[in-house]
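# Structural overview
One letter stands for each residue in the lines below.
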Amino acid sequence: ANNSRLLIVEIDPTANTAREVWEYILPGYAEVFGDNDRLPSTNMLSCWWPRKITQDVGIFDEQIFEIVQDTKQIVWSLKINGVGCDFSKRDFCVRTPEIGWKVYSV
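Below, the structure is looked at part by part. The numbers attached to residues start from 1 for each chain and follow its sequence in the written order. Local features in this predicted model are restricted to residues whose pLDDT is 70 or higher, and side-chain atom pairs enter the listing and the counts only when it is 80 or higher, whereas totals over whole chains, interfaces and linings include all residues. Think of the side-chain values as coming from all heavy atoms in the structure, minus any hydrogens and water.

## Details of the sheet that holds strand 3 (residues 34–38)
Where we set the bar: In this scheme, strands are said to pair when DSSP sees at least two bridges between them. Here a helix means four or more residues in a row that DSSP labels H or I, a strand means two or more in a row labelled E, and each is numbered from the N terminus. For helices, the fitted axis covers only the stretch in contact; all axes are lines through C-alpha atoms, and the angles between them, taken along N-to-C directions, range from 0 to 180 degrees.
With antiparallel pairing, the four strands of this open sheet are ordered in space as 3-4-6-7. Each edge of the open sheet carries a strand with a single partner, namely strand 3 and strand 7 (74–80). Adjacent strand axes in the sheet meet at a mean angle of 10°, parallel and antiparallel pairs treated alike. Pairing analysis gives six bridges linking strand 6 (residues 62–67) to strand 7, with the strands arranged antiparallel. Residue Ile67 lies in a different strand from strand 7, and its bridge partner there is Ile74.

## Comments concerning the pairing of strand 1 (residues 5–12)
Direction of pairing for strand 1 relative to strand 2 (residues 17–25): antiparallel, over a ladder of eight bridges. The residue of strand 2 that forms the bridge with Ile11 is Ala18. Remark: four residues form the turn of the hairpin made by strand 1 and strand 2, two consecutive strands paired antiparallel; Asn16 in that turn has positive phi of roughly 60°.

## Considerations on the pattern of salt bridges
Put simply, the rule reads: A pair is scored as a salt bridge if a Lys or Arg side-chain nitrogen falls within 4 Å of a carboxyl oxygen belonging to Asp or Glu. When accessible area is computed with a 1.4 Å probe and restricted to protein chains, residues below 20% of their type maximum are described as buried, those above 50% as exposed, and intermediate ones as partly exposed.
Following the criterion strictly, the structure yields four salt bridges and no others. Two residues, Arg5 and Glu20, come together in a salt bridge whose shortest N-O distance is 3.1 Å. Linking Arg5 in strand 1 with Glu20 in strand 2, this pair joins segments that are 15 residues apart in sequence. Given a relative accessible area of 41%, Glu20 falls into the partly exposed group. One salt bridge in this structure joins Glu23 and Arg5, with 2.7 Å as the shortest N-O distance. Of the two residues, Glu23 is situated in strand 2 and Arg5 in strand 1; the sequence distance between them amounts to 18 residues. Using a relative accessible area of 23% as the deciding quantity, one classes Glu23 as partly exposed. For Arg5, a relative accessible area of 41% puts it in the partly exposed group.

Laid out in structure tokens, this is it:
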């Protein structure tokens, strides 16, 4: 599908190459904003906002979470609700950079 990903990339400046060494696929597509930082514990602190709100993804404007790098298990999650979505009228709602909460970095 067209889901966004959190990545860890190793860069070799001598060889002028980059290699993906870790990936976590998000449950949706984040059009603009997102962040993924390694903590001292090696867990990842991440945030993203879904472009398309569905009942499968959940109704939220922004999600901030900590994920275990080795197991990809979410340790904790904070979802910020804002505009909402009326599923009685449609199957999904679309977010743009102008609508709803956004967090660039955590």
